[in-house]
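An overview of the molecular structure
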Amino acid sequence: MDFEIYPVSDIPVSDVKLLGHDKIVENLKKFLEYDKIITPLSIAIHGDWGSGKTGIMLSLSKKLDPDKSDIVFFEAWKFEYSNPAMGLLGTIIQKYEKESTAIKSFLRAAGTILSQKYLNMDMTQLIDTITRNTSETGNFSDRLKSLLKKHLKEKNLVIIIDDLDRCDVENTLQILALMKLFLDIDRVICIVAVDLTRLQQAWKQKYGNINDDEIGYLDKIFQIKINLHTPTNEQIRDFLQELVPGIKEDVLSLFSNLISKNPRAIKRTLNLISYRQLLLSSSHKQLSASLWTILEEIMTIKPLIAFYDTLLRNGNSLSHLIITNGDKWGEIKGSVIDKHNLLNSQTIDNNRLKFYFETTKTILDKLAVDEKSLDSDFHIMYSATKQD
């Protein structure tokens, strides 16, 4: 085989451009450095897990002009088992550790006050305090506003909060509460990477139904919401070609049309393939591991194992089925799948399965892959998957 699949890092280094998110970063930079921008301002970068939010945040933090903005980058999940709100405040304090004794001292003192008065409250108390009781928070905001105004002058304080949706609901609410206090201050901009849908689901699971006030609390925090789009097939192809150099067109088509469109999920699929190919010794082990793993993604594990077991009981094999009848979907569906009621799950897409069999047969025919060798590879991965 001419292509190799190696383990890939989960860190989004070059994902931004490949996924088309560089345009979002560039637009955000222009907007945040626009001389007519109105602050305070809060922006939510909304997307599913693994959709590329972190890559955007990292890229933006590097591209913003430090002469125009003081930049604070906060990774919320790293403080999940301590006190994330205090972690955020500490990160802001650290930013001014060598620059402003007045701001540093004030924030340290404020941290103690806030932790005692606000950040140990339960959800209902916290929302009520932050949204309705402004007398004490007003004193904090007024003092901090005065200090920041003297220090920032014409600059903005940009607070970038990543991975908020990886935190527990209560920790998330504490961070949002502290963030809301800063959002009463001119020249402060908060940008948060968050899956708002997941946050609402977690909130509902933990506390029951969300009432209008609680939904309003989340909605009112963010003035601008930027939704991350699902990458196009072309962007997925570019992404895969970057991660798997030398991948052949037919194999690339199989990957780009059948695996997840989620960047992080793609990396995890490739890492699973890179592990499975080490179980094999054939000359086409990369392809065998890819074909088994893609079929597993289409069918999921239990239906795939049941499908494979039925083929064995009836004197057939997956490799024979693909090489002999892969381009005859009607026969596969009628004589194997429907006859034995193998795919009664509504989650399995027959069109994807049809594309898999037809494309895989084309690939195997072109490469003249030996059926017995492929069958041996499939059986090794079947046994390993069944044990898992």
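This text follows the structure it describes.
How each quantity is defined
Residues numbered from 1 in each chain as written. Predicted model: local features only at pLDDT ≥ 70, side-chain atom pairs only at ≥ 80, totals over all residues. Heavy atoms only, no water. Helix = DSSP H or I, 4+ residues; strand = E, 2+ residues; numbered from the N terminus. Contact = heavy atoms within 4.5 Å. Areas by Shrake-Rupley, 256 points an atom, 1.4 Å probe, with all protein chains shown as cover. Polar contact = N/O pair within 3.5 Å; in protein donor to acceptor, adjacent residues only side chain to side chain. Buried < 20%, exposed > 50% of the residue type's maximum accessible area, 1.4 Å probe, protein only. Salt bridge = Lys/Arg side-chain N within 4 Å of Asp/Glu carboxyl O. Patch = residues over 30% accessible without salt bridge, like charges linked within 9 Å, V, L, I, M, F, W, Y side chains within 5 Å. Core = buried A, V, L, I, M, F, W, Y, C linked by side-chain atoms within 4.5 Å. Expected span 1.5 Å × (residues − 1). Axes fitted to C-alpha atoms, helices over the stretch in contact; angles between N-to-C directions. Parallel < 35°, antiparallel > 145°, perpendicular 65-115°, else oblique. Left-handed = near helix turned anticlockwise from the far one by under 90°. Nonpolar A, V, L, I, M, F, W, Y, C, P; charged D, E, K, R; others polar.

All right, on to the overall build of the protein chain then. The helix and strand tally for the protein chain stands at 19 helices and 5 strands. For the protein chain, the proportion of contacts with a sequence separation of at least 24, taken over those separated by at least 6, is 79%. Of the roughly 18700 Å² of accessible surface on the protein chain, 48% is carried by carbon and sulfur atoms.

Considering the arrangement of structural elements, one finds Gln-235 in helix H11 (residues 233–243). Among the polar contacts made by the side chain of Gln-235, one reaches the main-chain carbonyl oxygen of Leu-19 at a distance of 3.4 Å. Apart from residues no more than four positions distant in its own chain, Gln-235 is found in contact with Leu-18, Leu-19, Gly-20 and His-229.

As a further point, take the environment of Glu-371. Secondary-structure assignment places Glu-371 in helix H19 (residues 371–387). A residue is classified by how much of its surface remains accessible, and Glu-371, at 29% relative accessible area, is partly exposed. Spatially, the C-alpha atoms of Glu-371 and Thr-324 are 9.6 Å apart, while their sequence positions differ by 47 residues. In this structure, Glu-371 is in contact with Ser-317, Ser-319, His-320, Ile-323 and Thr-324, ignoring residues within four places of it in sequence. At 3.1 Å, the side chain of Glu-371 forms a polar contact with the side chain of His-320.

This part takes up the pattern of salt bridges. The final tally for this structure, using the stated rule, is 13 salt bridges. Between Asp-35 and Lys-36 there is a salt bridge, and its shortest N-O distance comes to 4.0 Å. The exposure classification of Asp-35 matches that of Lys-36, with both residues exposed. When the shortest N-O distance is used, the salt bridge between Lys-78 and Glu-75 registers 2.9 Å.

On the surface, Tyr-275, Leu-279 and Ile-380 cluster together to form a nonpolar patch covering roughly 270 Å² of accessible area. With respect to the element layout, Tyr-275 can be found in helix H13 (residues 263–276).

Right, let's get into the nonpolar core. By size, the foremost hydrophobic cluster in this structure holds 53 residues, and its most contacted members are Phe-255, Leu-318, Tyr-356 and Phe-357. Tallying contributions element by element places helix H14 (residues 285–299) first for this core, with 8 residues. Excluding anything up to four places from it in sequence, Phe-357 contacts Phe-307, Leu-318, Leu-321, Ile-322, Gly-326, Trp-329 and Ile-332. If you look at the next biggest cluster of nonpolar residues, it comprises 33 residues, including Leu-152, Cys-167, Leu-183 and Leu-196.

Before going further, it helps to examine H14. An α-helical turn contains 3.6 residues, so any two residues separated by three or four positions project in the same direction. In this model H14 runs 21 Å from its N-terminal to its C-terminal C-alpha over 15 residues, within 8% of the 21 Å that 1.5 Å per residue would give. Where H14 ends, the next residue or the one after it, Thr-300, has phi of about 75°, a positive value.

Moving on, we get to unusual backbone geometry. Negative phi is the rule for most residues except glycine; trans is the rule for most peptide bonds. Each neighbour pair has its own omega, and for Thr-39 with Pro-40 the value is 0°, a cis peptide bond. With respect to the helices, strands and loops of the structure, Pro-40 is situated in the loop between helix H2 (22–32) and strand S1 (41–46). Of note, Asp-163 is a non-glycine position whose phi angle comes to about 60°, a positive value. Among the structural elements, Asp-163 can be located in the loop between strand S3 (156–162) and helix H8 (169–182). By relative accessible area, Asp-163 is classed as buried at 9%. Here the phi dihedral of Ala-368 falls at roughly 50°; this positive angle occurs in a residue that is not glycine. Looking at the element boundaries, Ala-368 is found in the loop between helix H18 (350–367) and H19.

Running from amino to carboxyl end, H14 crosses helix H15 (residues 301–313) at an angle of 115°, the nearest separation of the two axes being 7 Å. The orientation of H14 relative to H15 falls into the category roughly perpendicular. For the element pair H14 and H15, the recorded crossing hand is right-handed. Of the residues in H15, those in contact with Trp-292, Leu-295, Glu-296 and Met-299 of H14 are Ile-301, Pro-303, Leu-304, Phe-307 and Tyr-308.

Inspection of the secondary structure assignment puts His-21 in the loop between helix H1 (15–18) and H2. Filtering out sequence-adjacent residues up to four positions away, His-21 remains in contact with Val-16, Ser-51, Gly-52, Ile-56, Leu-228 and His-229.

Viewed as axis vectors pointing N to C, helix H16 (residues 318–325) and H18 meet at an angle of 85°, and their least axial separation amounts to 8 Å. By the criterion of interaxial angle, the relationship of H16 to H18 is roughly perpendicular. Contact residues: H16 offers Leu-318, Leu-321, Ile-322 and Ile-323, while H18 offers Tyr-356, Phe-357, Thr-360, Lys-361 and Leu-364. Taken together, the residues of the contact of H16 with H18 sort by class into 7 nonpolar, 1 polar and 1 charged.

These values are about where atoms sit, not about what they do.
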